[in-house]
Amino acid sequence: MDIIKVKTRLRRIRYMLRERGLKYTWNYLFLAATYNNDFIRDILLTKFYPHFVFYPRYIEVEITTRCNLKCAMCEHTYWNEKAIDMTFEQFKRVVDQFPKLSWIGTTGIGSSFLNKDYLKMLEYAKSKSIYIELFDPFHMLNENLINIIVKDALIDRLICSIDGATKETYEKIRVGAKFDRVIDNIRNMVETKRKYKISFPELSFHYIISRDNYFEVPQFVELVHHITGKDNIGIMFSHLLHSFDEIKHMVFEIPKDIREETIRKAKKYGIKLTWGKNAREKKQPIHKCTEWTMPFIFADGTVIPCCAGNEANRRDYQIKYRMGNIFEEPFEKIWNGKIKKLRDAIHEGKCPPPCVDCPGYEIPKTQAI
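Nothing here was measured: the structure is a model prediction, and the numbers come from that model. (Residues numbered from 1 in each chain as written. Predicted model: local features only at pLDDT ≥ 70, side-chain atom pairs only at ≥ 80, totals over all residues. Heavy atoms only, no water.)

1. Concerning the overall build of the protein
Helix and strand counts for the protein stand at 13 helices and 12 strands. The C-alpha radius of gyration of the protein comes to 20 Å, within 12% of the 21 Å expected for a compact globule of 369 residues. Along the first, second and third principal axes, the C-alpha atoms of the protein reach 50 × 45 × 45 Å. Taken over 369 residues, the protein has a buried fraction of 55%. Carbon and sulfur atoms provide 53% of the accessible area of the protein, an area that totals close to 17100 Å². If the 60 positive side-chain charges of the protein are averaged to one point and the 47 negative ones to another, these points end up 5 Å apart. (Helix = DSSP H or I, 4+ residues; strand = E, 2+ residues; numbered from the N terminus. Rg over C-alpha atoms; globule rule 2.2 N^0.38 Å. Buried < 20%, exposed > 50% of the residue type's maximum accessible area, 1.4 Å probe, protein only. Areas by Shrake-Rupley, 256 points an atom, 1.4 Å probe, with all protein chains shown as cover. Lys, Arg positive; Asp, Glu negative; His and termini not counted. Charge placed at Lys NZ, Arg CZ, Asp CG, Glu CD.)

2. Some remarks on the pairing of strand β4 (residues 157–161)
Of all five residues in β4, four are buried, a share of seventy percent or more. Alignment of strand β3 (residues 131–136) against β4, held across four bridges, turns out to be parallel. Of the residues in β4, the one forming a bridge with Asp 136 is Cys 160. Bridge count for β4 against strand β5 (residues 202–209) is five bridges, and the pairing is parallel. If you follow Arg 157 over to β5, its bridge partner there is Glu 202. (Pairing = 2+ DSSP bridges.)

3. Describing the sheet that holds strand β6 (residues 235–239)
An order of β7-β6-β5-β4-β3-β2-β1-β9-β10-β11 is seen for the 10 strands of this open sheet, with the pairing classed as mixed. Of all strands in the sheet, those bounded by a partner on one side alone are β7 (273–275) and β11 (324–325). Pairing of strand β10 (residues 302–304) with β11, which is carried by two bridges, proceeds in the antiparallel orientation. By the bridge assignment, Thr 302 is partnered in β11 with Asn 325. Packed on one face of the sheet, helix α8 (residues 179–196) meets β4 and β5 and runs near 160° to β5. Here helix α10 (residues 256–269) sits on the sheet in contact with β6 and β7, set at roughly 150° to β7. (Contact = heavy atoms within 4.5 Å. Axes fitted to C-alpha atoms, helices over the stretch in contact; angles between N-to-C directions.)

4. With respect to the side chain of Thr 290
For Thr 290, the position within the fold is in the loop between β8 (284–285) and β9 (296–297). The exposure class assigned to Thr 290 is buried, which follows from its relative accessible area of 1%. Within the local environment of Thr 290, its side chain forms a polar contact with the side chain of Arg 41, the two groups lying 2.5 Å apart. Not counting the four nearest positions on each side in its chain, Thr 290 is found in contact with Arg 41, Leu 45, Thr 46 and Tyr 361. (Polar contact = N/O pair within 3.5 Å; in protein donor to acceptor, adjacent residues only side chain to side chain.)

5. Considerations on the pairing of strand β1 (residues 58–61)
Burial along β1 is two-sided: the face carrying Tyr 58 and Glu 60 and the face carrying Ile 59 and Val 61 are both buried. Two strands pair when backbone bridges link them, and β1 and strand β2 (residues 103–105) are joined in this way by three bridges, in the parallel orientation. The residue bridging Tyr 58 from the neighbouring strand is Trp 103, located in β2. Crossover handedness for the path β1 to helix α4 (residues 88–95) to β2: right-handed. Sheet topology places β1 next to β9; two bridges connect them, and they run parallel. Bridging across to β9, Val 61 finds its partner in Ile 297. (Right-handed = clockwise from strand over helix to strand, strands pointing away.)

What follows is the structure, encoded as structure tokens:
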């Protein structure tokens, strides 16, 4: 048993109950049990499929496809598509179609804070006691915005996307962002939370391992400890999701010695580590996949089964094999139609077209039509 993970989870439950109440805490526990726990998911949604299939209680929504960075590993850098924003009314229409929604991720292939309606969207989701999560590079934040997010409790979990432990490495990868500004914003967030004596947003970190930064992975653990103290709930390391042509040269598996050193440092500082599904030493067979429980909705309303096909620089393919469009037909119809066929095929060990690029599970030769 990983004592650090147990202590982190118990601490989270304690301050969730104190600051957010029972409904928020239940939303977190439901997500942790039915989505983040492989053992429980395997029992409920694989062994007893389809008896425990439930209408989605957690979704991901792309707020915008606009971004002002040129990150070396991101598909957005190589796009020629016109950027679009989801409007507040469209966001509201999406959320209202999920009556038991308990969690929403607001990360897409774009920078959410560039959408002028984003704070209004957060307020609407908050009014429904939905647990809100965002992956963000922290380059768009400022003192005023941080104050609003913390004081008004608009986001429950903020995952800082940082792919380097030094200015040189970080700015080589996150082109357009400034390392010093990002670090200052994180420190400001920590200090603002202390000022208001609020535990939210919970801070965690995401580091995408590549040939350009793998050597700084252990150092990154030290950086997180240095700038947050104990005000973080962990670090997730993952490899590049996909190796499309423009980034093939960046693909790199973390060496065993560096991985072990990283684990040792995390234990030293009491930091919980998570390795993304594509960074696991062994992938699970596709019939164990239940990622379809968290559908992903593009800014234009396109519905795909999950986020795993993103960052393959194949958005045209994703749209071609989409499950539907939530602005053109009710999600319930999509859920009981194309998504049902997809999850049935996956349970049978087949690979539907939207899943051919999946980086998290073993892809079988048997294809579903």
